[in-house]
Amino acid sequence: EPGTFIMGSPFTDPNRGFTESPQFEVTLSKAFYLGKFEVTQGQWEAVMETRPWDGKDKVVDDPDYPVVYISWEDAQAFVAKLNATAGDSLYRLPTEAEWEYAARAGTTTVWSFGDDESQLNAYAWYFDNSHQLGLKHGREAGKKQANPWGLHDMHGNVWEWTRSLMKPYPYSEDDGRNEI
């Protein structure tokens, strides 16, 4: 549903990326849908009839694992093919603001499950429970607990594409990148 939230991370967050500050208020005026987890290899292959991860390092070849080794242009082609199949323009990548709004799921804490880092393992695949254990690949989609809006893997696993350009906050209304 539409809503208002504080986008970005506080300067005090040690995990904050260089483009995530300063924090600022964002209002999303339109509702949107978002898949409950990353696009899987099985979904990608069914739509695109390609396997961009074939022969690549750090990949588990499994239809329930997230698709990897795709560019932003590849993601846009996937969306275009979904729309052609649907005969409508139902699908698109989320904006950065929409993605963060969905990841936060109405919360104001560091993670959608709270501020207690000891709970991170229950919600996310990240360095300590994957890479550090020799699992240097994406993990099966949707196996960790969902955020309060039923979305999985919003705090880890593989990177997601958005339709917004990556740039420091806050976006200005006239730069064409504030697609709210």
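Check the entry above for the structure.
Criteria and thresholds
- Here, residues in each chain are numbered from 1, in the same order as that chain's written sequence.
- Two thresholds apply to this predicted model, a pLDDT of at least 70 for residue-level local features and 80 or more for giving and counting side-chain atom pairs, whereas whole-chain, interface and lining totals are computed over all residues.
- The side-chain quantities take in all heavy atoms of the structure and omit both hydrogens and water.
- Helical segments are the DSSP runs of H or I of at least four residues, strand segments are the runs of E of at least two, and each set is numbered from the N terminus.
- Atoms counted for the radius of gyration: C-alpha only. Globule rule: 2.2 Å times residue count to the power 0.38.
- Type-normalised accessible area, obtained with a 1.4 Å probe on protein chains alone, sets the label of each residue: buried when under 20%, exposed when over 50%, and partly exposed for intermediate values.
- In this description, accessible areas are obtained by the Shrake-Rupley approach with a 1.4 Å probe, and a residue is regarded as covered only by the protein chains that are shown.
- A positive count includes Lys and Arg, and a negative count includes Asp and Glu. His and the chain ends are not counted in either.
- Lys charges are placed at NZ, Arg charges at CZ, Asp charges at CG and Glu charges at CD.
- A pair is scored as a salt bridge if a Lys or Arg side-chain nitrogen falls within 4 Å of a carboxyl oxygen belonging to Asp or Glu.
- Contacts are residue-level and defined by heavy atoms, with any inter-residue pair within 4.5 Å sufficient.
- Patch rule: a residue counts if its relative accessible area is over 30% and it has no salt bridge; like charges are joined within 9 Å, and nonpolar side chains (Val, Leu, Ile, Met, Phe, Trp, Tyr) within 5 Å.

### Let's talk about the overall build of the chain
- Summing up its helical and strand segments, the chain has 4 helices and 2 strands in all.
- Along the chain, helices and strands appear, N-terminal first, in the series β-β-α-α-α-α.
- Its C-alpha atoms give the chain a radius of gyration of 17 Å, near enough to 16 Å, the size a compact globule of 180 residues would have.
- Projecting the C-alpha coordinates of the chain onto the three principal axes gives extents of approximately 45 × 40 × 25 Å.
- Within the chain, buried positions represent 37% of all 180 residues.
- A total accessible area of about 10700 Å² is found for the chain, and carbon and sulfur atoms account for 51% of it.
- For the chain, the separation between the mean place of its 16 positive charges and that of its 29 negative charges on side chains is 3 Å.

### Some thoughts on the environment of Lys81
- With respect to the secondary-structure elements, Lys81 resides in helix α2 (residues 72-86).
- Judged by relative accessible area, which is 32%, Lys81 ranks as partly exposed.

### Here's the deal with the pattern of salt bridges
- What the rule picks out here adds up to 6 salt bridges.
- Taking the shortest distance from any N to any O, the salt bridge between Arg51 and Asp61 comes out at 2.3 Å. With Arg51 in the loop between α1 (41-48) and α2 and Asp61 in the loop between α1 and α2, this pair connects stretches of sequence that are 10 residues apart.
- Relative accessible area serves as the criterion here: at 25%, Arg51 is assigned to the partly exposed category.
- Of the charged contacts, one joins Lys143 and Glu140 as a salt bridge, the two residues approaching to 3.8 Å between their closest N and O atoms.
- Residue Lys143 is classed as exposed on the basis of its relative accessible area, which comes to 54%.

### As for helix α3 (residues 96-104)
- Burial runs high along α3: 8 of the 9 residues are buried.
- Listed as buried for α3 are Ala97, Glu98, Trp99, Glu100, Tyr101, Ala102, Ala103 and Arg104.
- Buried residues along α3 sit in contact with β1 (3-7) and β2 (24-28).
- Downstream of α3 by one or two residues, Ala105 has phi in the positive range, about 50°.

### Things to note about a negative patch on the surface
- There is a patch of like negative charges on the surface, built from Asp115, Asp116, Glu117 and Asp128.
- Mapped onto the elements, Asp116 comes out in the loop between α3 and α4 (120-123).
- With relative accessibility at 41%, the residue Asp116 sits in the partly exposed group.

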